[in-house]
Amino acid sequence: MSIKANTVVSLTYELHTTNEEGQQVFVEKADEQNALVFLYGTGMMLPKFEEHLLDLNVGDEYSFELSAVDGYGEIDPGAYADLPKDMFKDVDLPNVGDVIPLQDNQGNHFRAGVTAIHEEIVSVNLNHPMAGKNLIFAGKIIAVREATEDELSHGHAHGADGHADH
Ligand SMILES: [Zn+2]
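Quick summary incoming for the structure in this document. (Residues numbered from 1 in each chain as written. Predicted model: local features only at pLDDT ≥ 70, side-chain atom pairs only at ≥ 80, totals over all residues.)

1. Describing the overall build of the protein chain
Turning to step 1, where the next piece is worked out: Along the backbone of the protein chain there are two helices and 10 strands.
Turning to step 2, where the next piece is worked out: For the protein chain, the sequential pattern of α-helices and β-strands runs β-β-β-β-α-β-β-β-β-β-β-α.
Turning to step 3, where the next piece is worked out: At 19 Å, the protein chain has a C-alpha radius of gyration far larger than the 15 Å of a compact globule built from 166 residues.
Turning to step 4, where the next piece is worked out: If you line up the protein chain on its principal axes, its C-alpha atoms span 60 × 40 × 25 Å.
Turning to step 5, where the next piece is worked out: For the protein chain, buried positions account for 13% of its 166 residues. (Helix = DSSP H or I, 4+ residues; strand = E, 2+ residues; numbered from the N terminus. Rg over C-alpha atoms; globule rule 2.2 N^0.38 Å. Buried ≥ 20, exposed ≤ 12 C-beta atoms within 10 Å, placed from the backbone.)

2. Digging into the nonpolar core
Turning to step 1, where the next piece is worked out: I3, V8, V9, L11, V37, L39, L53, I141, V144, A147 and A157 together form the largest nonpolar core, which totals 11 residues.
Turning to step 2, where the next piece is worked out: Counting residues per element, the ones that place at least two in this core are β1 (7-11), β4 (36-39) and β10 (135-146).
Turning to step 3, where the next piece is worked out: Apart from residues no more than four positions distant in its own chain, L53 is found in contact with I3, V9 and Y62. (Core = buried A, V, L, I, M, F, W, Y, C linked by C-beta atoms within 7 Å. Contact = placed C-beta atoms within 7 Å.)

3. With respect to the sheet that holds strand β9 (residues 121-125)
Turning to step 1, where the next piece is worked out: Pairing within the open sheet is antiparallel, and its four strands lie in the order β6-β9-β8-β7. Looking along the sheet, the strands with just one partner apiece sit at the ends: β6 (80-84) and β7 (99-103). Each strand of the sheet is rotated relative to its neighbour by a mean of 45 degrees, with strand direction disregarded.
Turning to step 2, where the next piece is worked out: Across four bridges, the pairing between strand β8 (residues 109-117) and β9 is antiparallel. From the neighbouring strand, A116 faces β9, where its bridge partner is S123. (Pairing = 2+ DSSP bridges. Axes fitted to C-alpha atoms, helices over the stretch in contact; angles between N-to-C directions.)

4. Thoughts on the pairing of β7
Turning to step 1, where the next piece is worked out: Of all five residues that make up β7, zero are buried, and the element is exposed over most of its length.
Turning to step 2, where the next piece is worked out: In the sheet, β7 pairs with β8 via five bridges, with the strands oriented antiparallel. What sits directly across from I100, in β8, is A112.
Turning to step 3, where the next piece is worked out: Adjacent in sequence and paired antiparallel, β7 and β8 are bridged by five residues, among which G107 carries a positive phi angle near 85 degrees.

5. With respect to the environment of L102
Turning to step 1, where the next piece is worked out: Tracing the backbone shows L102 in strand β7.
Turning to step 2, where the next piece is worked out: Residue L102 is classed as partly exposed on the basis of its 14 C-beta neighbours within 10 Å.
Turning to step 3, where the next piece is worked out: For the pair formed by L102 and L126, sequence separation is 24 residues and the distance between their alpha carbons is 9.7 Å.
Turning to step 4, where the next piece is worked out: In contact with L102, other than residues within four places in its own chain, are F110 and A112.

6. A look at the environment of H118
Turning to step 1, where the next piece is worked out: Considering the arrangement of structural elements, one finds H118 in the loop between β8 and β9.
Turning to step 2, where the next piece is worked out: For the pair H118 and M130, spaced 12 residues apart in sequence, the C-alpha separation works out to 25 Å.

7. Concerning unusual backbone geometry
Glycine aside, residues mostly have negative phi, and peptide bonds are mostly found in the trans state.
Turning to step 1, where the next piece is worked out: Unlike most non-glycine residues, N6 shows phi in positive territory, near 65 degrees.
Turning to step 2, where the next piece is worked out: Turning to its location among the elements, N6 is positioned in the segment before β1.
Turning to step 3, where the next piece is worked out: One non-glycine residue, D55, lies in positive phi territory at about 75 degrees.
Turning to step 4, where the next piece is worked out: By the C-beta count within 10 Å, which is 8 here, D55 ends up exposed.

Here you go:
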């Protein structure tokens, strides 16, 4: 079976990006024991990531590069914010480099990276940590199967064998 909409794909991957010196920098990986399992074609993955995997079969190896635009987007220079330190009076003050959960007026949850701590404010970067970075993926297709009815109605994969319950 080859990868197409409504199949559940298990794959390994290694993700690298390129630093300012042009060298590849390791970001993260999933090996066979800890394969990435997902329902293909539901918009859970980056669209261009899925596009590169279409029609691949079990055992196929793949490698491709996505530009930042096709990945997590360019860095938005407006996506920085200064938070009053009072916001943290009931919790520990974060450190520079910490990623903290935030909520906006509409109740949307998101994560922000702390870039600086000043006397009265905590400065945060609201960009995705991989914004502005190219994404170099390589890996192997471990399994492809039809999604179960439960998986299709839930819109997500239930593990490699389809039996996980959530
Ligand atoms: Zn489910």
